[in-house]
Each structure stands twice: as structure tokens, then as C-alpha cells.
Amino acid sequence: MSAGGAAAAGSARRRRPRVVVAFDSTHEALECERLCREAGVAGRLIPTPVSIRADCGLAWAMPPAAHGEFERLVAPGVTRAGTYELEL
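Reading guide: rules and limits
- Along each chain, the written sequence defines residue order, and numbers are assigned to residues from 1.
- Under the rules for a predicted model, residues below a pLDDT of 70 receive no local features and side-chain atom pairs below 80 are neither given nor counted, while totals for whole chains, interfaces and linings still include all residues.
- Side-chain calculation: all heavy atoms of the structure are included, whereas hydrogens and water are not.
- Numbered from the N terminus, helices here are DSSP runs of H or I no shorter than four residues, and strands are runs of E no shorter than two.
- Exposure categories follow from relative accessible area, calculated using a 1.4 Å probe and restricted to protein chains: below 20% of the type maximum is buried, above 50% is exposed, and the middle band is partly exposed.
- Positive residues here are Lys and Arg, negative ones are Asp and Glu, while His and the chain termini are left out of the count.
- The rule for a salt bridge is simple: a side-chain nitrogen of Lys or Arg has to be within 4 Å of a carboxyl oxygen of Asp or Glu.
- Throughout this description, a polar contact denotes any pair of N or O atoms lying within 3.5 Å of each other; where both atoms belong to protein, one of them has to be capable of donating a hydrogen while the other can accept it, and for residues adjacent in sequence the pair is counted only when both atoms sit in side chains.
- The contact criterion used is simple: two residues touch if any of their non-hydrogen atoms lie within 4.5 Å.
- For a helix, the expected span equals 1.5 Å multiplied by the residue count minus one.
- Read the arc as the range of directions from the helix axis to the C-beta atoms.
- Patches here: salt-bridge-free residues with over 30% relative accessible area, like charges joined within 9 Å, nonpolar side chains (Val, Leu, Ile, Met, Phe, Trp, Tyr) joined within 5 Å.
- Here the open area of atoms and residues is found with the Shrake-Rupley method and a 1.4 Å probe, where only the protein chains shown may cover a residue.
- By convention, charge coordinates are those of NZ in Lys, CZ in Arg, CG in Asp, or CD in Glu.
- When DSSP finds two or more bridges between two strands, those strands count as paired.
- All axes here are fitted lines through C-alpha atoms, helices being fitted over the stretch that makes contact, and every angle between N-to-C directions spans 0 to 180 degrees.

Here we look at the side chain of Glu-28
Tracing the sequence through the fold places Glu-28 in helix H2 (residues 26–39). It is Arg-80 that comes nearest to the buried, bridge-free Glu-28 among opposite-charge side chains, at 9.7 Å. A polar contact is formed between the side chain of Glu-28 and the backbone nitrogen of Asp-24, at a distance of 3.3 Å. What Glu-28 contacts, discounting residues up to four positions off in sequence, is Phe-23 and Thr-79.

Details of the environment of Ile-46
Tracing the chain through its elements places Ile-46 in strand S2 (residues 44–47). Residue class for Ile-46 comes out buried when judged on its relative accessible area of 9%. Placed 17 residues apart in sequence, Ile-46 and Ala-29 show a C-alpha to C-alpha distance of 9.8 Å. Ignoring any residue separated from it by four or fewer positions in sequence, one finds Ile-46 in contact with Gly-57, Leu-58, Ala-59, Ala-61 and Leu-88.

Focus on H2
Compared with the 20 Å implied by 1.5 Å per residue over 14 residues, the 20 Å span of H2 between its first and last C-alpha is a close match. Those residues of H2 lying buried are Glu-28, Ala-29, Cys-32, Leu-35 and Cys-36. Across the axial projection of H2, the buried residues extend over an arc of 130 degrees, all falling on one side. With respect to the buried face of H2, the exposed residues turned more than 90 degrees away are His-27 and Glu-38. Elements that come into contact with the buried residues of H2 comprise S2, strand S3 (58–62) and helix H3 (67–73).

Some details on a positive patch on the surface
A cluster of basic residues, Arg-13, Arg-14, Arg-16 and Arg-44, forms a positive patch at the surface. Considering the arrangement of structural elements, one finds Arg-14 in the loop between helix H1 (3–10) and strand S1 (17–22).

Notes on the sheet that holds S3
The strand order across the open sheet built from four strands is S2-S3-S1-S4, with neighbouring strands paired in antiparallel fashion. Because the sheet does not close on itself, it has two edges, and the strands there are S2 and strand S4 (82–87). Each neighbouring strand pair of the sheet contributes to a mean axis angle of 35 degrees, computed without reference to strand direction. Where S1 lies against S4, six bridges are found, and the strand directions are antiparallel. Paired with Val-19 across the bridge in S4 is Glu-85. Where H2 meets the sheet, it contacts S2 and S3, and its direction lies at approximately 25 degrees from that of S3.

Written out as C-alpha cells, the structure is:
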């Protein structure tokens with residue numbers, strides 16, 4: 001195996017628990033991102049995991065510790081297709 005192959009094999013990311021919010025439209029996903037950034041809620045937009053059925057290809061992923069803050073500060077302003085707890 002080449003040195004590059006060994007480095008790539010050793011760089012596998014460890015899966016971590018995440019709360020993932022799915023949307024039915026890109027507009028809703030981008031609005032969620034804007035609101036989360038303004039409120040300081042940790043997380044980022046990701047491609048919607050294949051295990052989630054949603055019409056939009058984007059989802060907001062956050063650490064479980066940020067979920068309460070998301071529900072309190074952001075959730076009233078966004079329409080969700082669903083909220084899921086996953087290991088990503």
C-alpha cells in the first residue's frame with residue numbers, strides 16, 4: 001500500500017450522534033441556516049442522509065446539545081419535514 005493509501009485509511013471519521021432536521025424545500029433549509037446562524041445555534045447544512053425521506057436535498061445537522069436551543073430559538077420560524085437522531 002502506498003503512503004497516501006495508508007494516510008487515507010487512517011483518516012476515517014468517527015461517527016457521532018447528531019440531530020438532523022429535514023426540509024421539503026431548499027428555501028426552508030436556507031432559511032433554517034440563516035436563523036441558526038443569527039441565533040448562534042451550532043450546526044451546518046449537509047446533504048440529506050439517504051435514510052431520511054424528504055423532498056429537499058439539504059438538512060440541518062447539529063450536535064444533540066444544540067437541539068434544545070434550536071427548538072427554543074429557531075424551530076418556530078421554520079417548517080420541517082422531520083427531525084431525526086442519527087449517527088453521522
